[in-house]
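Summary of the model geometry
Listed below, chain by chain, are the residues.
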Amino acid sequence: ERGLVTNNYHSAYDRYKLFDMLELYYEQKEDFYNLHRILMKNFETCPSLDLYKRLEKFSQKISNWEIIEPRLNSILETKENTTFLIDVLLYREEYERAIKIVKMRECMEYTKVKVADAVKNMNPEVSVSIYQDIINEQLSNTGRKYYQIARGYLKKLKNILLEIMQEPEQWEKY
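Note that the coordinates shown come from a computational prediction; the quantities given were computed from them, not determined experimentally.

Before going further, it helps to spend a moment on the pattern of salt bridges. Applying the stated criterion to the full structure yields 12 salt bridges. A salt bridge links R92 to E69, with the shortest nitrogen-to-oxygen separation between them at 3.3 Å. Of this pair, R92 sits in the loop between α6 (82-91) and α7 (95-104) while E69 sits in helix α5 (residues 65-76); the two residues are 23 residues apart in sequence, bridging distant segments of the chain. A salt bridge links D133 to K103, with the shortest nitrogen-to-oxygen separation between them at 3.4 Å.

Written as structure tokens, this is what we have:
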């Protein structure tokens, strides 16, 4: 297991295939300690919401979630993992923290959209602000492609302003 993880002769696909096989093996044997080790190693290599949920599930079975969760958070806090951090925050319903991160860090557009969509009913003003930022980014580019993308986000913005906030006058400004 260790040799394959650090061995440059194997592709990333082979590593993940091995992790999956080991995970299944340890789960069938109900060896939660080693299952947890494999999931942690996999999460350190390539974090994801799915892995986070699996780690949460098995960590609770071996009663060490209080120890593991801070480790997962520290892995997610790096700038390279912003998308996964947002996924986990939305899963944990930590919306304010997700909003703060999207506003303060460079994020992929689809990550911003996830947050805007997640908070549109409970905090439509923030959702409007995020969509306005995305629309302005798209319009700052030249080309039909970018205007079409902006139009799609304008439709979402329109829906929030008219259906959720019921503020047609604000929509008219656009």
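The next point concerns the nonpolar core. Membership of the largest hydrophobic core comes to 46 residues, with the highest contact counts inside it found for F43, Y52, L72, I86, V115, I130 and Y131. Setting aside residues no more than four positions away along its own chain, F43 makes contact with S48, L51, Y52, L55, L72, I75 and L76.

This part is about the packing of aromatic side chains. The description of two aromatic rings rests on the distance between their centres and on the angle between their planes. With the rule as written, the count across this model stands at five aromatic pairs. Put simply, the rings of Y52, W65 and Y91 touch in pairs and so form one group of aromatic residues.

Right, let's talk about the confidence of the model for the protein for a bit. The share of residues in the protein with pLDDT of 70 or more is 93%, and the mean pLDDT across the chain is 88. No element of the protein has a lower mean pLDDT than helix α1 (residues 2-6), at 47, and none a higher one than helix α8 (residues 109-119), at 96. Segment residues 1-6 is flagged for pLDDT under 50; beyond a separation of four residues in sequence, or across chains, it makes 12 contacts in the model.

The next subject is the packing of α8 against helix α9 (residues 124-140). Axis separation between α8 and α9 bottoms out at 8 Å; the angle between their running directions is 155 degrees. Taken together, the axes of α8 and α9 lie roughly antiparallel to each other. As for how α8 packs across α9, the hand of that crossing is left-handed. Note on element contacts: α9 touches α8 through P124, V126, S127, I130, Y131, I134, E137 and Q138, opposite E109, K112, V113, V115, A116, D117 and V119. Of the residues belonging to the contact of α8 with α9, the class tally is nine nonpolar, two polar and four charged.

Here we come to the packing of helix α3 (residues 32-45) against α5. Describing two packed helices takes the angle between their axes plus the distance from one axis to the other. Contact geometry of α3 with α5 gives a least axis separation of 10 Å together with a crossing angle of 20 degrees. Considering their axes alone, α3 and α5 lie roughly parallel with respect to each other. Crossing angle aside, the handedness with which α3 passes α5 is right-handed. Contacts from H36, M40, F43 and E44 of α3 reach α5 at I68, R71, L72, I75 and L76. The residue inventory of the contact of α3 with α5, partitioned by class, reads six nonpolar, one polar and two charged.

Of note in this structure, E30 is not a glycine but carries a positive phi near 55 degrees. As for its placement among the helices and strands, E30 is situated in the loop between α2 (12-28) and α3. You can call E30 exposed: its relative accessible area is 60%. Although it is not a glycine, E93 adopts a positive phi angle of roughly 60 degrees.

Moving on, we come to the side chain of D87. Inspection of the secondary structure assignment puts D87 in helix α6. D87 has contacts with L49 and K114, leaving out every residue within four places of it along the chain.

Another aspect to go through is α8. Of the positions making up α8, those classed as buried are T111, K112, V113, V115, A116 and V119. On its buried face, α8 sits against α6, α7, α9 and α10 (144-164).

The next thing to look at is α3. Counted at 1.5 Å a residue, the expected span for α3 with its 14 residues is 20 Å, and the 20 Å between its end C-alpha atoms agrees. Of all the positions in α3, only F32, N34, L35, H36, I38, L39, M40, N42 and F43 are classed as buried.

Conventions we followed
- Residues numbered from 1 in each chain as written.
- Predicted model: local features only at pLDDT ≥ 70, side-chain atom pairs only at ≥ 80, totals over all residues.
- Heavy atoms only, no water.
- Salt bridge = Lys/Arg side-chain N within 4 Å of Asp/Glu carboxyl O.
- Helix = DSSP H or I, 4+ residues; strand = E, 2+ residues; numbered from the N terminus.
- Core = buried A, V, L, I, M, F, W, Y, C linked by side-chain atoms within 4.5 Å.
- Buried < 20%, exposed > 50% of the residue type's maximum accessible area, 1.4 Å probe, protein only.
- Contact = heavy atoms within 4.5 Å.
- Phe/Tyr/Trp six-rings, centres within 6.5 Å; stacked < 30°, edge-to-face > 60°.
- pLDDT = per-residue confidence, 0-100.
- Axes fitted to C-alpha atoms, helices over the stretch in contact; angles between N-to-C directions.
- Parallel < 35°, antiparallel > 145°, perpendicular 65-115°, else oblique.
- Left-handed = near helix turned anticlockwise from the far one by under 90°.
- Nonpolar A, V, L, I, M, F, W, Y, C, P; charged D, E, K, R; others polar.
- Expected span 1.5 Å × (residues − 1).

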